[in-house]
Amino acid sequence: MKKPTIGFIGLGLMGGNMVENLQKRGYELTVMDLNKDEVAKVIARGNAKEASSPKELAENSDIVMFCLTTSAVVEKIVYGDEGVLAGIKEGSVLIDFGTSIPASTIKIGAALAEKGAGMIDAPLGRTPAHAKDGLLNIMAAGNEDTFAKVKPVLDDQGENVFYLGALGAGHTTKLINNFMGMTTVVAMSQAFAAAKLAGVDGQQLFDIMSAGPSNSPFMKFTKNYAVDHVSDLGFSIANANKDLGYFVQMINDLGSVSDIAKATSGNLQAALDAGMGSGNVPEIYDYFTKLKK
């Protein structure tokens, strides 16, 4: 059976490696990115071309894939005069691999349905190295028939492909996951910072806390930076700040409130404002140790 043609927008570290994996597996691709050097790399590997607009890309694709930074960017590329919505074909599917606001995802899905096209939200777990080898964790949601239609392609990109139900459930799950994880890391970073400020040995604190139920991979990431000065979590303060902001918005959209998320978001934003956005999340330890009243 002929493989579906794929249009891919967003050739950052994760997206670029996902495209390389698809090329190795024999897919024909049309790509777009503001970084023309990354586009050139894709085209040089063969069986790929560049589109001049999202509209053109959609016109030439059975499946359109996004690996983009924010919901605002996604909406601009979908709804623009030369956007995906203007060119998408009946029966095509849009897959959003980024982390987006669920309400935005559901709105886009409804607009695509009016054109006879489907949508899957499929945020990712694991690293760019996993993306290159097709070993991502993929949290997919949307119409069940639409999911079944694109699952063979998702299986080529992910070792673990989870189906989570109605459209928006993937982005909801990813935001919940990142709320839990980043709140944990921020809290643990302040715990190690408090120990530093009080003159308590950080290694001893880790030994004590890791002997109990607080032990976790997140604690090890935090200790690795606070005690051993090794920054190995691989998720930036800027990205965490974006995701926590999205979580707060999602909770508001659901008619609830999360003071915990607001506090985590406030700490991340303060570290971002202090010029620490490119650092990995455990590096917020430095912010806490230098913070004065």
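Basis of the calculations
Residues numbered from 1 in each chain as written. Predicted model: local features only at pLDDT ≥ 70, side-chain atom pairs only at ≥ 80, totals over all residues. Heavy atoms only, no water. Buried < 20%, exposed > 50% of the residue type's maximum accessible area, 1.4 Å probe, protein only. Helix = DSSP H or I, 4+ residues; strand = E, 2+ residues; numbered from the N terminus. Arc of directions from axis to C-beta. Contact = heavy atoms within 4.5 Å. Phe/Tyr/Trp six-rings, centres within 6.5 Å; stacked < 30°, edge-to-face > 60°. Lys NZ or Arg CZ within 6 Å of the ring centre and 35° of its normal.

Trainee: Which parts of the structure should I look at to understand helix α13 (residues 259-276)?
Mentor: Within α13, the full set of buried residues consists of Ala261, Thr264, Ser265, Leu268, Ala271 and Met276. Along the long axis of α13, the arc covered by the buried residues comes to 125°, so they all point the same way. For α13, the exposed residues lying more than 90 degrees away from the buried face are Asp259 and Asp273. In this structure, the buried side of α13 is in contact with α9 (169-198), α12 (237-253) and α14 (284-290).

Trainee: It is not clear to me how the packing of aromatic side chains should be interpreted in this structure. Could you clarify?
Mentor: Given two aromatic rings, their pairing is described by the distance between the two centres and the angle made by the two planes. Counted according to the given criterion, the structure contains four aromatic pairs. Taken together, a centroid distance of 6.3 Å and an interplanar angle of 80° make the contact between tyrosine 225 and tyrosine 285 edge-to-face. Here tyrosine 225 is found in helix α11 (residues 217-226), whereas its partner tyrosine 285 is found in helix α14, with 60 residues between them in sequence. Judged by relative accessible area, which is 13%, tyrosine 225 ranks as buried. Residue tyrosine 285 is classed as buried on the basis of its relative accessible area of 9%. Over the aromatic face of tyrosine 27 sits the side chain of lysine 3, whose NZ or CZ is 4.5 Å from the ring centroid. Directly above the aromatic system of phenylalanine 206 lies the positively charged group of lysine 223, at a separation of 5.2 Å from the ring centroid.

Functional significance is not addressed by these values, which are geometric in nature.
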